[in-house]
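Chain and residue survey
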Amino acid sequence: TTHRPPLSPPAQPISPPTGHVPSSPMNMEEQINNLTPSQQQMVMQQMAQRVQQEALTNMMEKMGEVCFKKCAGTSGDRLDSREQGCMALCQDRFLDAKAQVQAALEKRQSMQGS
């Protein structure tokens, strides 16, 4: 007969750290209201920057996926020169489209602000 190693005990579930209570929306609102106007503005700018950075990261990931699916063949683990050229053009078109959409949104926002 073959010897089988004993089964390891089941993993214990990981419990969340103690002492940390997530802020409720009302608590967060109260905290923001207790800030000075300049502090509130800084918090809003930081939040906007985070949202913008996340959107940029997501767009870059999507661009890589879309262009890779479009351009990469079955040439192995490296892109050949044709595939590299396709990737560069695809990424350029992706970024051009992003710039056009961003310009249109900024124009719309400036028209609403007038």
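Residues numbered from 1 in each chain as written. Predicted model: local features only at pLDDT ≥ 70, side-chain atom pairs only at ≥ 80, totals over all residues. Heavy atoms only, no water.

1. Regarding the overall build of the chain
The following threshold applies: Secondary structure counts use DSSP, requiring at least four H or I residues in a row for a helix and at least two E residues in a row for a strand, with both numbered from the N terminus. Using a 1.4 Å probe on the protein chains alone, a residue whose accessible area is under 20% of its type maximum counts as buried, one over 50% counts as exposed, and one in between counts as partly exposed. Here, two residues are considered to be in contact whenever any of their heavy atoms come within 4.5 Å of each other. Methods summary: accessible areas were calculated by the Shrake-Rupley approach with a probe of 1.4 Å, and residue burial reflects only the protein chains presented.
Helices and strands together make up the secondary structure of the chain, namely 3 helices and 0 strands. When the helices and strands of the chain are listed from N to C terminus, the series reads α-α-α. Across the 114 residues of the chain, 7% fall into the buried class. Taking the intrachain contacts of the chain between residues at least 6 apart in sequence as the baseline, contacts between residues at least 24 apart amount to 33%. Carbon and sulfur atoms make up 58% of the accessible area of the chain, which amounts to about 10,500 Å² in all.

2. Here's the deal with helix α2 (residues 37-71)
Just so we agree on the cut-off: Here the expected span of a helix is defined as 1.5 Å times the quantity of residues minus one.
Over its 35 residues, α2 runs 50 Å from end to end, which matches the ideal 51 Å to within 8%, given 1.5 Å per residue. For α2, the complete set of buried residues consists of Met59, Met63, Cys67 and Cys71. In the core, the buried residues of α2 are packed alongside α3 (81-113).

3. Considering the environment of Gln40
Of note, Gln40 is situated in helix α2. Note on Gln40: relative accessible area 26%, which makes it partly exposed. In contact with Gln40, not counting residues within four places along its chain, are Ile32, Asn33 and Leu35.

4. A few points about the nonpolar core
If you look at soluble globular proteins, the nonpolar side chains tend to sit buried side by side. Heads up, the condition is: Take the buried Ala, Val, Leu, Ile, Met, Phe, Trp, Tyr and Cys residues and link them wherever side-chain atoms come within 4.5 Å; each set so joined is a nonpolar core.
Core analysis: the biggest nonpolar cluster contains 6 residues, these being Met63, Cys67, Cys71, Cys86, Met87 and Cys90. Among the elements of the structure, α2 and α3 are those that each provide at least two residues to this core. Apart from residues lying up to four places away in sequence, Met87 is in contact with Cys67, Phe68, Cys71 and Leu79.

5. Focus on the state of the cysteines
Every disulfide links exactly two cysteines, by a covalent bond between their sulfur atoms. This is how it is decided: Our working definition of a disulfide is a cysteine sulfur pair at a distance within 2.5 Å.
In total, this model carries 2 disulfides according to the counting rule given. The partner cysteine of Cys67 in its disulfide is Cys90, sulfur to sulfur 2.0 Å. The sign of the S-S torsion, about -85°, decides the handedness of the disulfide formed by Cys67 and Cys90: left-handed. With Cys67 in helix α2 and Cys90 in helix α3, this residue pair connects regions lying 23 residues apart in the sequence. Residue classification places Cys67 among the buried positions, given a relative accessible area of 0%. Residue Cys90 is classed as buried on the basis of its relative accessible area, which comes to 6%. Cys71 shares a disulfide with Cys86; S-S distance 2.0 Å. Every disulfide takes its handedness from the sign of the S-S torsion; for Cys71 and Cys86 that torsion is -65°, giving left-handed. Residue Cys71 is located in helix α2, and its partner Cys86 is located in helix α3; the two are separated by 15 residues in the primary sequence. Given a relative accessible area of 3%, Cys71 falls into the buried group.

6. Re a nonpolar patch on the surface
We apply this condition: Patch definition: residues above 30% relative accessible area lacking any salt bridge, with like charges linked at up to 9 Å and the nonpolar side chains Val, Leu, Ile, Met, Phe, Trp and Tyr linked at up to 5 Å. What counts as a salt bridge is simple: a side-chain nitrogen of Lys or Arg found within 4 Å of a carboxyl oxygen of Asp or Glu.
On the surface, a nonpolar cluster with roughly 230 Å² of combined accessible area is contributed by Leu56, Met60 and Leu95. When you line up the elements, Met60 lands in helix α2. Owing to a relative accessible area of 38%, Met60 belongs among the partly exposed residues under this scheme.

7. Focus: the confidence of the model for the chain
Condition: Per-residue confidence from the predictor is given as pLDDT, running between 0 and 100.
Taken over all residues, the pLDDT of the chain has a mean of 79, while the share at 70 or more is 75%. The model gives residues 5-17 a pLDDT under 50, and that stretch makes 0 contacts with residues more than four places away or in other chains.

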